[in-house]
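# Reading the structure
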Amino acid sequence: MRKVLSFVLVLTLVLSSFSMAFAADSAAGLTDVAGNANADAIQVAYDLDIVTGNPDGTFLPEKAVTRAEFAAMLTRALAIPDSALAGYATTSFQDTAGYTWAVPYLGFCQSKGIMLGDGAGNVMPGRTITVNEAMTMALRAIGYTANSSLLVGAWPANYVSIAQNEELYDDVASATTVDKASAAQIIYNLLTVQKVAVNTDGETTYQETKVDKEDVAANLLNTNLGCTESDDVTIGDEVTYDTSLINITGILGAFGTAYLNDDDDMVAFIPDSVALTGKIDDKKFKVGDVKYEFDDDGEDFTTSAVTFENTYKDTTNGLTKASIETFAKKADDEETVTLNVDLSGKKIKDVYSAVAWSVKYDESSADLAPSDVQEDIEDHELLNADFVEDDDDNIDFNSFQLVGVSSLSDIAEDDVVYVYTDDDGDIRKVAVGTETVEGIVEELDEDDLTVTIDGKEYDIAATGTSDAQKLDVDDDGIFYLDYNGEIYDFDGSGKADTYAVIDAVNSGDSFDNVKLKLYTSDDSNKTFYLNDDADDIDWTTRTAMTTLSATQASVLADGLLMGYSLDSDGDIKAIDATAYTVDANNATFSSIKVLKVGTTNDTPAADATGGSFSIDSEAVVFTYDANGMYKGDYDVCDLDEVEKGTLAEMQFLLNDDGDVVALLISEDDADVEDDAIYGVFNERTKKVVDGDDVYKFSGLIDEKPFTYLTEDDTNDSDNYKTYNKLAGTFGVYGIILDANDTITKINTLDETYKKDKESGKLGYGIVAKDGLESDNTVITIGTDKFTAEDDAVVYEFDDSDNEYSVSKLSAIDEGDYVALYDTKGEDADGVATVVIYIAN
């Protein structure tokens, strides 16, 4: 589709300063057209004064257009001056009562044969215009009168055919009636269609006009709007901010035809190039997931090719893939660059320009907006850079591009603002991010610089602050997003509101050697260092400590329940070590979520007496195993899994409101069942991860392949000693995973069901002769009959290579060795859910 990117109607307007600013600011982006499929067309028609907006800055693109309104739009597109319209104060149409404003437009269109009415003297000005009617009027406006020899057949097919050939239907959404967005699109498509002349015999000729003494196709731009054409123009090279009356910021580097006024200033531009934004990848240009190949290996492109960084221009002897890649590395946005190219399918035949926008990594060009940002804008500056002013000393809104908000007045305190300037320090682009995210970093990809917050992945902006670029897991606070949705800045809460149990502590000889291995509330082990500046630690204990020393750090003993938060370096910056330890049988967990502490124990009360404490509904519950509170092997459970009654030795932590927010209790005081998944093992290998020996198990679970790593220190764990040769062993095992999908325990079914009456293993042995019933769900072993679920998971074990494969019940035959398992735990009903067999 031909694209007319932007226009300006060259008129002298007498407006107040406020109106001028409002009109120009709105022209840079009507408030309700962003994202509309016809946004380009709407903006063009608005800039040309063909369509109008509303005083509140809206356009209402879905509002229906009447026949009278479309007549007015077409008349404006023909640039008919008011003095000429004054001659059409009356019309022979009989139904214009109430449409006084429209009479001059209706009269003009009637006189030129653009509107014919119904033949009975009615024009129906208030009726919503149809697409066919609009196409007909548009073509009549450029010369296609009813007697044209090119109009073949009856209406509307005769006009529809030409409109389709001239691409007037491109991007017109409706096939019936016309709204404001479609009306703007139809006229947008019409602007470059060649005009025709029809004589009385119906002979139709295409019209031409002179440009630099050469004949070119006549259209609304170069005739009605009085423009001259200039071919092979590169925006930013032949046409600069000083020689353009339209905003060229968004089309820097575009190659095409410029339309110039009598002062040789550009008022319109039609590109011949296609803009691709991406980066060099394996000698191809990658845009998203699409890769474009360079023709002739891209060794040398057009000799007029130029490169731009903001408004900096560097004319070269021809761009190459290598020079584009070098230039791209100067850009900030992950080394992306915009190429304006001659494109054929996925082949780049020529490159006209390479464009990149760069913002400095300092507060002069990128920052959170200050509280007085609107006062700065009133002074025509932003982040210490100046806006270009027009002849009336107002901000020239056509001199820069605004991204992320509709108006400068929408920029608010703490919005992320990027200001791009040219070599003279003038603002050429303002990009604004208005969104924030509040939460905790759950996952960090240090290679790709991405973090996951509340299940959603975010990139960290290359231009971001050091606080953003040093994010780590468990960082908790507010994340400020730039206009690309990337994290620019981070404001941590500074409060110890993440909870853990100390698994190991190494205090070292000095403060900056203190290292803690924590078992955290997200069911994983992590190692952290204390912040290397003692004065920066927010340290809370039951004894006054202004700073933390190595000696004081000894308070951080193994098995201590604590709260913590991290700084941007991933080091602990806040610690709450006020957990209270309660002896066995001196604390009670009540049925109404209240923790009662006896009078002989250390409690938060000033007189060291006991009391009752409400338990926060979001409280974190840690458990320790039979080895004891200070021996490691911790887990987490839900609050409702804590058994009511007297507790064994335990710890608890309070928030500022005096509510319990974290507990450490014995696993015997929690009704916790290991949530096992059941599978078979094909392979076991040993590897080293972060200096620790771990095992990698591969096999099948629910008929699907799996690969899991074990937790560290595997050789020292009772969870693996018995089963360290599981690969290729006949039998189904229960696999316990933590939140990181790391194996923490492998059980036989007997052990998995240690709290249940049933063992899980129903029966095993040789399938008897005629031991399979017709539906294959009843299997006889010896004289005992066993039933399997219709959808039971079935594995075949090949004892020649000790490998499992997925099978089905119907494949089992008499003489096969079979083992049947019920993996439903407490809901075990004696019906097999997993069956494995060795073929006879």
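Here we summarise the structure given alongside this text.

Parameters at a glance
- Residues numbered from 1 in each chain as written.
- Predicted model: local features only at pLDDT ≥ 70, side-chain atom pairs only at ≥ 80, totals over all residues.
- Heavy atoms only, no water.
- Helix = DSSP H or I, 4+ residues; strand = E, 2+ residues; numbered from the N terminus.
- Contact = heavy atoms within 4.5 Å.
- Areas by Shrake-Rupley, 256 points an atom, 1.4 Å probe, with all protein chains shown as cover.
- Core = buried A, V, L, I, M, F, W, Y, C linked by side-chain atoms within 4.5 Å.
- Buried < 20%, exposed > 50% of the residue type's maximum accessible area, 1.4 Å probe, protein only.
- Phe/Tyr/Trp six-rings, centres within 6.5 Å; stacked < 30°, edge-to-face > 60°.
- Lys NZ or Arg CZ within 6 Å of the ring centre and 35° of its normal.
- Patch = residues over 30% accessible without salt bridge, like charges linked within 9 Å, V, L, I, M, F, W, Y side chains within 5 Å.
- Salt bridge = Lys/Arg side-chain N within 4 Å of Asp/Glu carboxyl O.
- Lys, Arg positive; Asp, Glu negative; His and termini not counted.
- Charge placed at Lys NZ, Arg CZ, Asp CG, Glu CD.
- Polar contact = N/O pair within 3.5 Å; in protein donor to acceptor, adjacent residues only side chain to side chain.

## Things to note about the overall build of the protein chain
- Within the protein chain one finds 13 helices and 50 strands.
- Considering only contacts in the protein chain between residues 6 or more positions apart, those separated by 24 or more positions represent 58%.
- As presented, the protein chain carries roughly 39,300 Å² of accessible surface, and 43% of it is formed by carbon and sulfur atoms.

## Brief notes about the nonpolar core
- Membership of the largest hydrophobic core comes to 64 residues, with the highest contact counts inside it found for Phe 70 and Ile 114.
- Listing elements by their share of this core, those giving two or more residues are α2 (39-47), α3 (67-77), α5 (103-111), α6 (131-141), α7 (157-165), α8 (180-190) and β7 (266-271).
- Once residues lying within four places of it in the same chain are set aside, the contact partners of Ile 114 are Leu 74, Leu 78, Phe 108, Cys 109, Met 137, Arg 140 and Ala 141.
- Ranked by size, the runner-up nonpolar core spans 30 residues in total, among them Ala 500, Tyr 519, Tyr 564 and Ala 579.

## What about the packing of aromatic side chains?
- Scanning all chains against the criterion turns up 18 aromatic pairs.
- Pairing Tyr 418 with Tyr 488 gives two aromatic rings, centres 5.7 Å apart and planes at 65°, and the pair type is edge-to-face. In this pair, Tyr 418 is assigned in strand β19 (residues 416-421) and Tyr 488 in strand β25 (residues 487-492), connecting sequence segments 70 residues apart. Each member of the pair, Tyr 418 together with Tyr 488, is buried.
- Summarising the aromatic geometry, the rings of Tyr 519 and Phe 622 are spaced 6.1 Å apart at their centres and angled 70° between planes, so their arrangement reads as edge-to-face. One end of the pair, Tyr 519, is in strand β27 (residues 515-520); the other, Phe 622, is in strand β35 (residues 611-624), with 103 residues separating them in the sequence.
- Here Phe 622 falls in the buried class, since its relative accessible area comes to 0%.
- The residue whose ring lies beneath Lys 180 is Phe 59, and the NZ or CZ to ring-centre distance is 4.1 Å.
- When the ring centre of Tyr 241 is taken as origin, the NZ or CZ atom of Arg 428, which lies over that ring, is 3.6 Å away.

## Considering a negative patch on the surface
- Taken together, the side chains of Asp 372, Glu 375, Glu 378, Asp 379, Glu 413, Asp 414, Asp 467 and Asp 491 present a region of like negative charge at the surface.
- Tracing the sequence through the fold places Asp 414 in the loop between β18 (401-403) and β19.

## A word on the side chain of Ser 353
- Of note, Ser 353 is situated in strand β14 (residues 347-356).
- Under the relative-accessibility criterion, Ser 353 is labelled buried at 0%.
- Among the polar contacts made by the side chain of Ser 353, one reaches the main-chain carbonyl oxygen of Gly 253 at a distance of 2.6 Å.
- A polar side-chain atom of Ser 353 sits 3.0 Å from a polar atom in the side chain of Asn 340.
- Apart from residues lying up to four places away in sequence, Ser 353 is in contact with Gly 253, Ala 254, Val 306, Phe 308, Leu 319, Thr 338, Leu 339 and Asn 340.

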